[in-house]
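# Breakdown of the fold
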Amino acid sequence: MPLPTFLLLIASVIVAAGMTLAVFQFVGLSLMWLGVLALGLALGVRALKWH
């Protein structure tokens, strides 16, 4: 993967994470639910990787 593409990917992930935090704060949801969602997604991706 070329370096500019990799850096763009990293930057977009950081921006998406920041926007997610902002939306959760704006809506008034607890960040605990965001953590639970992230854990569930991580476990799902991990399960997919092994199949």
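Scoring rules and cut-offs
- Residues numbered from 1 in each chain as written.
- Predicted model: local features only at pLDDT ≥ 70, side-chain atom pairs only at ≥ 80, totals over all residues.
- Heavy atoms only, no water.
- Helix = DSSP H or I, 4+ residues; strand = E, 2+ residues; numbered from the N terminus.
- Buried < 20%, exposed > 50% of the residue type's maximum accessible area, 1.4 Å probe, protein only.
- Areas by Shrake-Rupley, 256 points an atom, 1.4 Å probe, with all protein chains shown as cover.
- Axes fitted to C-alpha atoms, helices over the stretch in contact; angles between N-to-C directions.
- Parallel < 35°, antiparallel > 145°, perpendicular 65-115°, else oblique.
- Left-handed = near helix turned anticlockwise from the far one by under 90°.
- Contact = heavy atoms within 4.5 Å.
- Nonpolar A, V, L, I, M, F, W, Y, C, P; charged D, E, K, R; others polar.
- Expected span 1.5 Å × (residues − 1).

What the protein chain contains, in helices and strands, is 2 helices and 0 strands. Overall, the protein chain is about 40 × 30 × 10 Å in size when its C-alpha atoms are taken along their principal axes. A burial count over the protein chain gives 4% of its 51 residues as buried. Only carbon and sulfur atoms are counted for the fraction: they give 82% of the accessible area of the protein chain, which is about 4600 Å².

This part covers the packing of helix H1 (residues 3–27) against helix H2 (residues 31–49). Interhelical geometry of H1 versus H2 gives an angle of 140° and a closest axis separation of 10 Å. As the angle between them shows, H1 and H2 are arranged oblique. By crossing handedness, the relation of H1 to H2 is classed as right-handed. Only Leu 31, Trp 33 and Leu 34 of H2 make contact with H1, whose side of the interface consists of Thr 20, Leu 21, Phe 24 and Gln 25. Among the residues forming the contact of H1 with H2, the class breakdown is 5 nonpolar, 2 polar and no charged.

Turning to H1, a few remarks are in order. If you check H1, its first and last C-alpha atoms are 36 Å apart, about what 25 residues at 1.5 Å a residue would give, namely 36 Å. Downstream of H1 by one or two residues, Gly 28 has phi in the positive range, about 95°.

Once that is clear, we can look at the environment of Val 36. Summarising the element assignment, Val 36 is placed in helix H2. Judged by relative accessible area, which is 46%, Val 36 ranks as partly exposed. Placed 33 residues apart in sequence, Val 36 and Leu 3 show a C-alpha to C-alpha distance of 32 Å.

Honestly, it's all geometry; don't read function into it.
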